[in-house]
Amino acid sequence: FGVLIATGISKLFVLTWYDPYLIHHAEFKTSSIRYYKTYLYYLIITAITFVINYYIIRVIPIEGIIGFIIDGIVITIVTTIIFISATFKMKEFKETKDRLKGMIKKLDEEIKKYRY
C-alpha cells in the first residue's frame, strides 16, 4: 500500500511541475511560465468554486436522495457559471467553443443523413 501511495505522490509532483517544464523547454523551446500562471489561475478558481459551493450547499436544508440530487444540480450550475465567467476571455475558451461548434455541426450533418 505504501508503494502505491508513494508512486501516486511522486507522479503528482512530477506531472505537476517537471513534465511541463521539460516539454516547454525541450520540445517547444519556450518558457513554461505561461503554463504555470494558467495552472495557478485554474487552481485558484477551483478553490474559490469549492468554497462557494460548500457554503451554498450548507444553506440547502433538504436531506436524503432529493437533497443529494438538488445539491448536485446546484453544484453543477454554480461551477459552470464560475468557470465560464472566469475563462470566457481566454484563448482556451474560444478554442474549446470553436471545437464544440464544429462537433455539433458534424453531428447535425450526420443526423440529417438519416432523416427520411
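The following paragraphs examine the structure supplied in this document.

### Examining the packing of helix α2 (residues 33-59) against helix α3 (residues 64-87)
At a minimum axis distance of 10 Å, the contact between α2 and α3 shows a crossing angle of 145°. As α2 runs across α3, the sense of the crossing is right-handed. Mapping the contact onto sequence places Y41, Y42, I45, T46, T49, I52, N53, I56 and I57 in α2 and D71, V74, I75, V78, T79, I82, F83, A86 and T87 in α3. Of the residues that constitute the contact of α2 with α3, the class distribution is twelve nonpolar, five polar and one charged.

### A closer look at the packing of helix α1 (residues 2-28) against α2
Contact geometry of α1 with α2 gives a least axis separation of 9 Å together with a crossing angle of 145°. The element α1 and its partner α2 pack so that their crossing is right-handed. Across the interface between the two elements, T16, W17, P20, Y21 and H24 from α1 touch Y35, Y36 and Y39 from α2.

### With respect to the packing of aromatic side chains
Inspection of the entire model under this criterion finds six aromatic pairs. Taking 5.2 Å as the distance between ring centres and 80° as the angle between the ring planes, the aromatic pair formed by Y54 and Y55 counts as edge-to-face. Residue classification places Y54 among the partly exposed positions, given a relative accessible area of 40%. An aromatic cluster of at least three residues, connected via ring pairs, comprises Y35, Y36 and Y39.

### With respect to the nonpolar core
Core analysis: the biggest nonpolar cluster contains six residues, these being I45, I60, V74, V78, I82 and A86. By residue number, the principal contributor to this core is α3, which donates four residues. Excluding residues within four positions of it along the chain, I82 makes contact with I45, T49 and I52.

The rules behind each value
- Residues numbered from 1 in each chain as written.
- Predicted model: local features only at pLDDT ≥ 70, side-chain atom pairs only at ≥ 80, totals over all residues.
- Heavy atoms only, no water.
- Axes fitted to C-alpha atoms, helices over the stretch in contact; angles between N-to-C directions.
- Helix = DSSP H or I, 4+ residues; strand = E, 2+ residues; numbered from the N terminus.
- Left-handed = near helix turned anticlockwise from the far one by under 90°.
- Contact = heavy atoms within 4.5 Å.
- Nonpolar A, V, L, I, M, F, W, Y, C, P; charged D, E, K, R; others polar.
- Phe/Tyr/Trp six-rings, centres within 6.5 Å; stacked < 30°, edge-to-face > 60°.
- Buried < 20%, exposed > 50% of the residue type's maximum accessible area, 1.4 Å probe, protein only.
- Core = buried A, V, L, I, M, F, W, Y, C linked by side-chain atoms within 4.5 Å.

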